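This is what each chain is made of:
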Amino acid sequence: MTNAKRIFFITDTKDFTDKLLLAMLRKEIKGFIRLGHDTQIFSYDEAFRYVSPVTTPKWFVRQYKSRVDELLVKQIRNYEPDIIHVSFAKFLDATSVAFMRQAAPNAFFIGIDVDLWPELHDNRVEVAAKLDVVLTTYGDNGQQALKDTGARCVFMPNMCDPDIEHRYEVGDDWKSDILFTGQSRYKHKRYPTEDIRHQIISRLLKMDNCAIYGCLGRPKIGGMKYYYAISGAKIGLSINAVNNIRLYHSDRLTQYLSCGTFTLAKRVPDTNLLFKDGVHLRYFDTAEEFFELADWYLKHEDERVKIANAGMEYVHREFNCEKCAGYMLDCVENGSYKAPWTV
């Protein structure tokens with residue numbers, strides 16, 4: 001990339017949630033700016049609040065959506081972007097994309113999807129079909145619903161922000177042997193999920209000095225406190241609701257590694273292309289193996305810290321927001337990018 005690009009983001013910003021620090025959007029923007037590019041954000045949900053008193057009922061959406069799209073198109077024409085980045089705002093649809101194409105006929109349209117089963121989200125598959133490329137944080141055997149519409153999909157891992165996602169010195173209140181943050185059981189009517197996560201977390205609740213947040217009656221955690229909890233944990237548990245999707249880990253794994261905790265992660269297909277077992281983290285296949293590994297590494301601090309430090313350094317180097325933004329721009333320029341996991 002030799003020339004500065006203007007990159008226009010369409011998203012639901014959700015500025016008032018505890019997860020704002022974790023949002024991929026802020027990391028992407030930081031990466032693009034550090035590479036010398038300019039960015040502008042259009043918040044689709046905030047635009048609805050601007051033009052209508054209520055945004056939830058569907059009839060309000062139908063009534064006011066055209067006005068939101070008019071504002072969207074106006075901003076695009078004013079900015080004349082080179083790249084339009086679509087984060088699949090809730091009410092954005094294929095008609096909105098058609099209007100944007102008319103306003104910026106030479107722009108490259110890129111989308112990013114971080115949720116499995118995109119077909120369960122209104123308009124997502126239809127919008128993806130109208131973009132030039134869709135980046136997904138899950139591998140090719142999770143992309144079929146998008147590919148069936150003709151969408152071109154490229155895997156892109158969750159990124160980290162080493163400026164804020166690193167190990168912190170914390171007091172005893174934040175220290176624990178094992179940490180998990182997130183839901184215990186995640187069920188879908190149409191898709192089978194696994195019980196292993198619930199089995200492990202239920203057992204952890206009965207153990208001493210384990211920190212569980214966000215499930216089974218335990219409070220959620222957010223903001224800087226989230227990073228403090230990770231930094232104070234000797235071991236972090238990373239496990240998905242489903243673990244058969246190639247290269248797919250929730251962003252929890254990147255966050256744990258980035259904040260310097262030793263991580264035990266449920267193995268998924270081709271995961272060793274992302275992180276090396278015994279070098280950056282340890283993988284497990286069963287609940288019993290998880291507890292065996294946890295017990296061993298709690299008793300062997302030197303090995304635990306060695307792997308935790310290596311994992312943190314590797315994630316900061318290979319998954320930082322600037323490097324991943326560069327991968328995205330390679331997709332725009334060349335249709336693909338080169339990384340250890342793309343072989």
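Model, not experiment: these values are computed from the prediction.

Draft legend 1. Geometry of helix 9 (residues 251-258). Counting buried positions along helix 9 gives 7 out of 8 residues, so the element sits mostly inside the fold. Restricting attention to buried positions, one finds in helix 9 the residues Arg252, Leu253, Thr254, Gln255, Tyr256, Leu257 and Ser258. Elements that come into contact with the buried residues of helix 9 comprise strand 7 (176-181), helix 7 (196-204), helix 8 (224-231), strand 9 (233-238), strand 10 (262-266) and helix 11 (301-318). Downstream of helix 9 by one or two residues, glycine 260 has phi in the positive range, about 85°.

Draft legend 2. Summary view of the sheet that holds strand 10. Taking strand neighbours across the sheet as the criterion, the 5 strands line up as 8-7-9-10-11 in an open arrangement whose pairing is parallel. Single-partner strands in this sheet number two, and they are strand 8 (210-213) and strand 11 (282-284). Along the sheet, successive strands turn relative to each other by an average axial angle of 25°, direction set aside. When strand 10 meets strand 11, the two strands line up parallel, connected through 3 bridges. Across the sheet, residue alanine 265 finds its bridge partner in strand 11, namely tyrosine 283.

Draft legend 3. Structural detail: empty space enclosed by the protein. Tallied over the entire structure, the rule returns 2 cavities of 30 Å³ or more. The computed volume of the largest cavity comes to approximately 80 Å³. Taken together, Thr137, Phe155, Pro157, Asn158, Leu247, His249, Ser250, Leu253, Thr254, Leu274, Phe275 and Phe319 make up the lining of the largest cavity. By residue class, the composition of the lining of the largest cavity is 7 nonpolar, 5 polar and no charged. Here the second largest cavity defines a volume of roughly 30 Å³. Considering the residues around the second largest cavity, the lining is formed by Ile7, Phe32, Ile83, His85, Ile110, Met328, Leu329 and Val332. Those elements that provide at least two residues to the lining of the second largest cavity are strand 3 (83-86) and helix 12 (321-334). Examining the composition of the lining of the second largest cavity, we find that 3 residues originate from one element, helix 12, more than from any other.

Draft legend 4. Expanded view of the packing of aromatic side chains. Throughout the structure, instances matching the rule amount to 19 aromatic pairs. Taking 5.0 Å as the distance between ring centres and 80° as the angle between the ring planes, the aromatic pair formed by phenylalanine 290 and phenylalanine 291 counts as edge-to-face. Owing to a relative accessible area of 0%, phenylalanine 290 belongs among the buried residues under this scheme. Ring centres of phenylalanine 319 and tryptophan 341 lie 4.9 Å apart, and the angle between their planes is 25°; this geometry places the pair in the stacked category. With phenylalanine 319 in the loop between helix 11 and helix 12 and tryptophan 341 in the segment after helix 12, the pair connects residues that are 22 residues apart, well separated along the chain. The residues phenylalanine 319 and tryptophan 341 share a single accessibility class, namely buried. In this structure, arginine 101 packs its charged tip against the face of phenylalanine 109, placed 4.1 Å from the ring centre. Sitting above the plane of the phenylalanine 291 ring, arginine 203 keeps its charged end 3.9 Å from the centroid.

Thresholds applied
Residues numbered from 1 in each chain as written. Predicted model: local features only at pLDDT ≥ 70, side-chain atom pairs only at ≥ 80, totals over all residues. Heavy atoms only, no water. Buried < 20%, exposed > 50% of the residue type's maximum accessible area, 1.4 Å probe, protein only. Helix = DSSP H or I, 4+ residues; strand = E, 2+ residues; numbered from the N terminus. Contact = heavy atoms within 4.5 Å. Pairing = 2+ DSSP bridges. Axes fitted to C-alpha atoms, helices over the stretch in contact; angles between N-to-C directions. 1 Å grid on protein atoms, 1.4 Å probe; cavity = no way out; pocket = protein on both sides within 12 Å on 5 of 7 lines; lining within 4 Å. Points joined across faces, edges and corners; volume = space filled by probe spheres on them. Nonpolar A, V, L, I, M, F, W, Y, C, P; charged D, E, K, R; others polar. Phe/Tyr/Trp six-rings, centres within 6.5 Å; stacked < 30°, edge-to-face > 60°. Lys NZ or Arg CZ within 6 Å of the ring centre and 35° of its normal.

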